[in-house]
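Listed below are the residues making up each chain.
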Amino acid sequence: MATGQQLTGVARGLAERGHSVTVLTGRRGYDDAKIRFPSRERWNGIDIIRLPSIGLGKTSRWRRALNFASFSAACVCRLAIMRRQDAVVALTSPPLISWLSALFTRLKGGRMIFWVMDLNPDEAIAAGWLKRDSVAASILSELLKSSMRHAHKIIALDRFAKQRIVDKGIPESKIEVIPPWSSDDSVRFDGEGREAFRRRHDLSEKFVVMYAGNQSPCHPLDTLLGAARKLSARDDIAFCFVGGGSQFRKVEEFARANQLKNIRTLPYQPQTGLSGVLSAADLHVVVMGEGYQGIIHPCKIYNILTVGSPFLYIGPIESHVSEIISRLPGQGRTFSAQHGQVDIAAESIFNSAERFHSGRIATTLVGDSMLREPRTEVTAATRSLATAKPDLAHEFSSRTLLPRFIAQIELFHPRMKGLAKTSVGESASDPQTEVFLPNSP
């Protein structure tokens with residue numbers, strides 16, 4: 001879903017500058033395959049073509065593989081009848097889409113910009129879905145490298161991803177690092193939305209710990225769930241899991257098996273209410289799987305910075321999230337734990353709740369018990385990270401990063417070069433440039 005939101009920003013930005021933009025995507029809903037959207041639509045000056053695909057859900061790898069295969073087959077048929085495009089922005093999901101985009105530009109012309117949102121088969125290998133030395137992994141690796149070699153520009157999300165791409169034999173000069181941007185055009189701290197969400201879900205009197213987003217094996221939630229179990233006696237602390245993914249049912253099953261009343265699970269919420277949902281949290285949680293640096297890039301951190309909420313990071317010591325944390329002030333606003341460090345995660349949540357409620361109590365976690373020890377009085381933790389470090393919120397905003405991304409597209413066509421330095425809000429002087437954005441279902 002985050003990929004689709006980022007792609008939407010690029011498509012709208014290009015259309016606002018007068019470019020002809022076509023998006024190729026799937027007809028089925030992201031988290032509910034029963035939902036189907038119109039096969040053709042003109043939206044905000046963007047031509048959207050939605051392709052049919054099998055909708056078997058995401059409960060198993062073979063189901064996802066068939067979903068991807070059917071969408072890829074539909075893409076082949078559509079690309080065969082599409083005319084040449086000036087620029088093609090290819091993403092990484094499903095895994096074959098970048099190779100199909102590269103083949104399309106080789107046969108029909110145009111330039112390809114490869115937007116590496118994640119790396120596959122690297123992700124599948126790290127998750128244990130594929131063996132590194134398997135035939136399937138070897139074929140997918142070669143297809144990925146072929147796509148990268150053909151791309152005129154590769155957009156990596158962080159320095160870890162860039163290094164992995166370089167290690168595949170791709171020249172460093174071809175790679176540009178542009179992080180995902182926050183939804184700052186629609187997301188902000190929303191006090192009214194916060195209270196409405198909390199009332200609606202009986203959270204008004206709670207300290208709310210929220211994990212919002214995709215729940216997948218790449219973002220393992222075992223440590224956070226362990227902390228929820230350890231803190232189950234605290235009636236004032238609620239764990240709210242908002243989103244979907246293959247592990248959504250696992251969270252529900254964990255809560256039932258352990259008879260935990262402090263866990264709430266909610267599906268993906270409408271984009272129009274995202275500010276209220278994110279503002280409802282007193283402590284957000286960002287999770288990255290061990291060994292996934294440069295393979296995936298949890299981008300929820302950027303909206304958290306925009307809203308200004310404290311957060312707990314659970315993941316490897318070295319990552320793009322830990323680099324952001326190193327640039328933020330401490331004082332009880334950011335916390336870190338590695339996977340398996342349930343005690344540290346629980347202690348961080350407990351201390352954050354105590355600071356939020358009273359601003360005077362610090363704690364020590366010993367075994368399975370919480371020992372409350374009065375220490376030097378601290379001031380109540382402010383909710384705003386954004387006001388404490390406004391330069392970071394600006395650095396990762398769409399106003400800063402979207403023009404950089406669009407400039408990479410515009411630099412690759414003679415009619416675009418003179419436009420690359422203008423802002424996204426300005427319109428292009430030549431409206432005939434065609435940009436094609438294939439996306440996964």
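About the thresholds
Throughout, residues of each chain are indexed from 1 in the direction in which the sequence is written. For this predicted model, a pLDDT threshold of at least 70 governs which residues receive local features, and a threshold of 80 or more governs which side-chain atom pairs are given and counted, while totals over whole chains, interfaces and linings are taken from all residues. The side-chain quantities take in all heavy atoms of the structure and omit both hydrogens and water. Strand pairing follows a simple DSSP-based rule, namely that at least 2 bridges must link the two strands. The way it works is that DSSP assigns letters per residue, a run of H or I at least four long becomes a helix, a run of E at least two long becomes a strand, and they are numbered from the N terminus. Axes here refer to lines fitted to C-alpha atoms; in helices the fit is confined to the stretch in contact. Angles between the N-to-C directions go from 0 to 180 degrees. Scored between 0 and 100, pLDDT is the confidence that the predictor attaches to each residue. By definition in these notes, contact holds between two residues if any of their heavy atoms fall within 4.5 Å. Between the rings of Phe, Tyr and Trp (Trp by its six-membered ring), a pair exists once the centres lie within 6.5 Å; its type follows the angle of the planes, with under 30 degrees stacked, over 60 edge-to-face, and the other angles tilted. Relative accessible area decides the class of each residue, using a 1.4 Å probe on protein chains only: under 20% of the type maximum gives buried, over 50% gives exposed, and in between gives partly exposed. Whether a crossover is right-handed depends on one test, that the path from the first strand over the helix to the second runs clockwise when the strands point away from the viewer. In this scheme, roughly parallel covers angles under 35 degrees and roughly antiparallel covers those over 145, while 65 to 115 is roughly perpendicular and the rest are oblique. A crossing counts as left-handed when the near helix is turned anticlockwise from the far one by less than a right angle, and as right-handed when that turn is clockwise. The classification used treats Ala, Val, Leu, Ile, Met, Phe, Trp, Tyr, Cys and Pro as nonpolar, Asp, Glu, Lys and Arg as charged, and all other residues, Gly among them, as polar.

A. Quick look at the sheet that holds strand E8 (residues 207-214). Pairing within the open sheet is parallel, and its 6 strands lie in the order E10-E9-E8-E11-E12-E13. Every other strand in the sheet has two partners, leaving strand E10 (263-266) and strand E13 (334-337) as the edge strands with one partner each. Here the average twist between neighbouring strands, direction ignored, is 20 degrees. With 2 bridges joining them, E8 and strand E11 (residues 283-287) adopt parallel strand pairing. Paired with methionine 210 across the strands is histidine 284, a residue of E11.

B. The arrangement of the confidence of the model for the chain in detail. In this model, the chain carries a mean pLDDT of 85, and residues with pLDDT of at least 70 account for 84%. Counting interchain partners and residues more than four positions distant, the pLDDT-below-50 stretch residues 360-388 has 65 contacts. Counted against residues more than four places away or in other chains, residues 417-432, with its pLDDT under 50, gives 33 contacts.

C. Structural context of the packing of aromatic side chains. Summed over the entire model, instances satisfying the criterion amount to 6 aromatic pairs. With a centroid separation of 5.9 Å and 25 degrees between ring planes, the pair formed by tryptophan 115 and tryptophan 181 is classed as stacked. One end of the pair, tryptophan 115, is in strand E5 (residues 111-116); the other, tryptophan 181, is in the loop between strand E7 (175-177) and helix H7 (191-200), and 66 residues separate them in sequence. For tryptophan 115, a relative accessible area of 1% corresponds to the buried category. Assessed through its relative accessible area of 7%, tryptophan 181 is described here as buried. On the basis of an interplanar angle of 70 degrees and a centroid distance of 6.0 Å, the ring pair of tryptophan 181 and phenylalanine 405 is categorised as edge-to-face.

D. Spatial organisation of the pairing of E8. For E8, a buried count of 7 out of 8 residues is recorded, marking the element as mostly surrounded by other parts of the structure. Here E8 runs beside strand E9 (residues 237-244); their pairing, made up of 8 bridges, is parallel. By the bridge assignment for E9, alanine 212 is matched with valine 242. Tracing the backbone out of E8, into helix H8 (residues 222-230) and back to the parallel element E9 gives a crossover that is right-handed.

E. Highlighting the packing of H8 against helix H9 (residues 248-257). Running from amino to carboxyl end, H8 crosses H9 at an angle of 25 degrees, the nearest separation of the two axes being 11 Å. Relative to H9, the element H8 lies roughly parallel. Here H8 runs over H9; the crossing is right-handed. Counting all contacts with H8, which are made through Asp222, Leu225, Gly226 and Arg229, the residues of H9 involved are Lys250, Val251 and Phe254. Residue composition of the contact of H8 with H9, by class: 3 nonpolar, 1 polar and 3 charged.

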